[in-house]
Amino acid sequence: MKTGIIILNYNDYENTSKMLNQIKDFSCLSKIIIVDNCSTDDSMEKLKEYENKKIILLQAEKNLGYAAGNNLGLKYLEKNTSCEIAIISNPDVLIEEGVLKELIHDIKTHENISFLGPKILENGTIFKGWKLPNFLSELLSNINFLGKYSHKLLKYKEEYYQEKLTKVDVVHGCFFLGRLKSFKKIKYFDSHTFLYYEENILAKKAKEKNLETYVDTTVSVTHALSKSVDKSFKKVKKYKILKNSQKYYIKNYMHVNFLGYGLIRLFYYISLFFCYLTFWI
């Protein structure tokens, strides 16, 4: 099974080039697809220096966001290569070739695995997948002083991870693997969100198609948390994008009734007020 990786770039040439230099000679990768999300800096010119038969550079006509940008790369892999496995990666991820080979081996040798993630090390926190959100967790996330508690509701207990390959609902979107046929079966990412909630939506669609998602608890990658998003969006704008994606997820994938949806939106506007308040103070 040949493997391709998709790296989404937006005004983040430095991190993208670092990752390219890190992975370009990995023998386990057949194709490296860089999708430039219509950067406003000189990313395209600089990234063209890396183009060859293995490294393909695509440019979107506008900033498509995470979901549609990655879909551009996925559909290119599906139509123009013989790859069967796709890796979705942020440009600010650090990975060793041995780790990548282990993850590819996992998915190749376990036909039941459609999507697979490693442990993600991020600012001192370890992510090993999480549960799909429910009404309570989404409601609490819009109540300022209870927002952090909502994340705890989605965590699996540590003792849950007993196996090397442990089944989870959702894996971190900064780096994970998937079978191209599985991406195609669920019609790829839902491009109606610009940023945030992509992993939850993908996981929800996968679950509805009985596609299984796992995390390999024995290997890890580091997410260095690039500031490219912060450079592009101010705090309040970022918060609005997050909550617009939440609204879309709740309305289209959770099928919450009118009363429940209205309650969540009420607390959203209250939390947005406090977001404006803290921004201006």
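On a predicted model such as this, the values are computed, not experimentally measured, just so you know.

Definitions and cut-offs
- Residues numbered from 1 in each chain as written.
- Predicted model: local features only at pLDDT ≥ 70, side-chain atom pairs only at ≥ 80, totals over all residues.
- Heavy atoms only, no water.
- Helix = DSSP H or I, 4+ residues; strand = E, 2+ residues; numbered from the N terminus.
- Rg over C-alpha atoms; globule rule 2.2 N^0.38 Å.
- Buried < 20%, exposed > 50% of the residue type's maximum accessible area, 1.4 Å probe, protein only.
- Contact = heavy atoms within 4.5 Å.
- Lys, Arg positive; Asp, Glu negative; His and termini not counted.
- Charge placed at Lys NZ, Arg CZ, Asp CG, Glu CD.
- Core = buried A, V, L, I, M, F, W, Y, C linked by side-chain atoms within 4.5 Å.
- Phe/Tyr/Trp six-rings, centres within 6.5 Å; stacked < 30°, edge-to-face > 60°.

Draft legend 1. Inspection of the overall build of the protein at higher detail. The number of helices and strands found in the protein is eleven helices and ten strands. The globule rule puts the C-alpha radius of gyration for 281 residues at 19 Å, and the 19 Å found for the protein is close to it. Overall size of the protein, expressed as C-alpha extent along the three principal axes, is 55 × 45 × 35 Å. Looking at the protein as a whole, 53% of its 281 residues qualify as buried. Considering only residue pairs separated by 6 or more positions, the protein has 79% of its internal contacts joining residues 24 or more positions apart. Positive and negative side-chain charges of the protein, numbering 42 and 31 respectively, have mean locations separated by a distance of 6 Å.

Draft legend 2. Broad picture of the nonpolar core. Formed by 35 residues in total, the largest nonpolar core has its most connected members in Ile5, Ile23, Leu29, Ile32, Leu100 and Phe175. Element by element, the count of residues in this core is highest for helix H4 (residues 97-109), at five residues. Counting 30 residues, the second-largest nonpolar core is a separate cluster that includes Leu8, Phe115, Tyr156 and Leu211.

Draft legend 3. Structural context of the packing of aromatic side chains. Across all of its chains, the model carries 15 aromatic pairs by this definition. Here Tyr156 and Tyr160 contribute two aromatic rings whose centre-to-centre distance is 4.5 Å and whose plane-to-plane angle is 10°, an arrangement assigned as stacked. The buried category is assigned to Tyr156, whose relative accessible area is 15%. The class of Tyr160 is partly exposed, set by a relative accessible area of 36%. Taken together, Tyr66, Phe115, Phe176, Phe183 and Phe189 form an aromatic cluster joined through their ring pairs.

Draft legend 4. How the structure looks around unusual backbone geometry. Phi at Tyr197 takes a positive value of approximately 70°, unusual for a residue other than glycine. Residue classification places Tyr197 among the buried positions, given a relative accessible area of 10%. Unlike most non-glycine residues, Asn210 shows phi in positive territory, near 60°. Mapped onto the elements of the fold, Asn210 is located in the loop between helix H8 (198-208) and strand E10 (212-223).

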